[in-house]
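# A look at the structure
If you want the building blocks of each chain, they are given just below.
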Amino acid sequence: MTELTTTARVSAFLDQLTALSDKASAQRNLALWMKKNLTLDGKPYSLKDHEFQEAIINDRHPRMCVIKASQIGLTEMSLRLSAAMLAVGRIKLMYVLPSATFSQKVSVDRFLPIIQGSKILSALQRPEAKGAAMRKLGNSTIYFSGASSDAQAISIPAEAIVF
């Protein structure tokens, strides 16, 4: 029994080490990376009761459209997916919400706690960009923008857009 427990612990440690050190592997399986490195309400992030989201998270198609019902956790998932993409890649991502005021509220009330709840994301957070409209994690940047005005998103160099 002890040998099995030790084997399971070693296996879990190796899985975590792979997810952390091999960015290519992490990019192929962002759901695994998210489960191992993010928390929700102080517990490891889980897709329990939201298993369908794993296919969305791991989909690498350059354009994705998700039609959804309300209150199924997709905003939470998309914010966490955005954080994972920032952590394992070098990317500029724009997260667009209906207004600049709402985008800043989401940045502070929803995205910042994701960073604060993860040792890895906290370590990657760069102090020179802690504002609500722009956050830097390692070599990646996320811009929170409003869609209510054409001028709000002009000249933001983004490789990925979430709206």
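Anything mentioned here points back to the structure above.
All figures in this text were calculated on a predicted structure; none of them were measured in a lab. (Residues numbered from 1 in each chain as written. Predicted model: local features only at pLDDT ≥ 70, side-chain atom pairs only at ≥ 80, totals over all residues. Heavy atoms only, no water.)

### Some points on the packing of helix α3 (residues 30-37) against helix α5 (residues 74-88)
What counts, and what does not: Every axis in this analysis is a line fitted to C-alpha atoms, fitted for helices over the stretch in contact. Angles between the N-to-C directions lie between 0 and 180 degrees. The helix and strand labels rest on DSSP assignments: H or I over at least four residues marks a helix, E over at least two residues marks a strand, and numbering proceeds from the N terminus. When an angle is under 35 degrees it counts as roughly parallel; over 145 it counts as roughly antiparallel; between 65 and 115 it counts as roughly perpendicular; any other value is oblique. In what follows, residue pairs with any heavy atoms lying within 4.5 Å of each other are defined as contacts. Just so you know the grouping, Ala, Val, Leu, Ile, Met, Phe, Trp, Tyr, Cys and Pro go in nonpolar, Asp, Glu, Lys and Arg go in charged, and all remaining residues, Gly too, go in polar.
Here α3 crosses α5 at 95°, and the two axes come no closer than 10 Å. By the angle between their axes, α3 is roughly perpendicular relative to α5. Residues Leu30, Trp33 and Met34 of α3 form the contact with α5, whose own contacting residues are Met77, Arg80, Leu81, Ala84, Met85, Ala87 and Val88. Among the residues making up the contact of α3 with α5, the classes are represented as nine nonpolar, no polar and one charged.

### Examining the nonpolar core
Our working rule: Each nonpolar core is a collection of buried residues, namely Ala, Val, Leu, Ile, Met, Phe, Trp, Tyr and Cys, held together in the definition by side-chain atoms within 4.5 Å. When a residue's accessible area, from a 1.4 Å probe over protein chains only, is under 20% of the maximum for its type it is buried; when over 50% it is exposed; and in between it is partly exposed.
Judged by nonpolar contacts, the single largest core of 32 residues is most densely connected at Trp33, Met34, Ile57, Phe111 and Leu121. Counting residues per element, the ones that place at least two in this core are α3, α4 (53-58), α5, β3 (92-97), α6 (100-116) and β5 (140-146). Among the elements that take part in this core, α5 stands out by supplying nine residues, more than any other. Those residues within four positions of Met34 in sequence are excluded, and the remaining contacts are Tyr45, Ile57, Met77, Arg80, Leu81 and Ala84.

### Some details on the packing of aromatic side chains
What counts here: A pair of aromatic rings is counted whenever rings of Phe, Tyr or Trp (Trp by its six-membered ring) have centres within 6.5 Å, and the orientation is called stacked for planes under 30 degrees apart, edge-to-face for over 60 and tilted otherwise.
By the definition in use, this model includes two aromatic pairs. With a centroid separation of 5.7 Å and an interplanar angle of 40°, the aromatic rings of Tyr95 and Phe144 are classed as tilted. Taken as a pair, Tyr95 in strand β3 and Phe144 in strand β5 lie far apart in primary sequence, 49 residues in all. Comparing Tyr95 with Phe144 shows no difference in burial state: the two are buried. Members of the aromatic cluster, joined through ring pairs, are Tyr95, Phe111 and Phe144.

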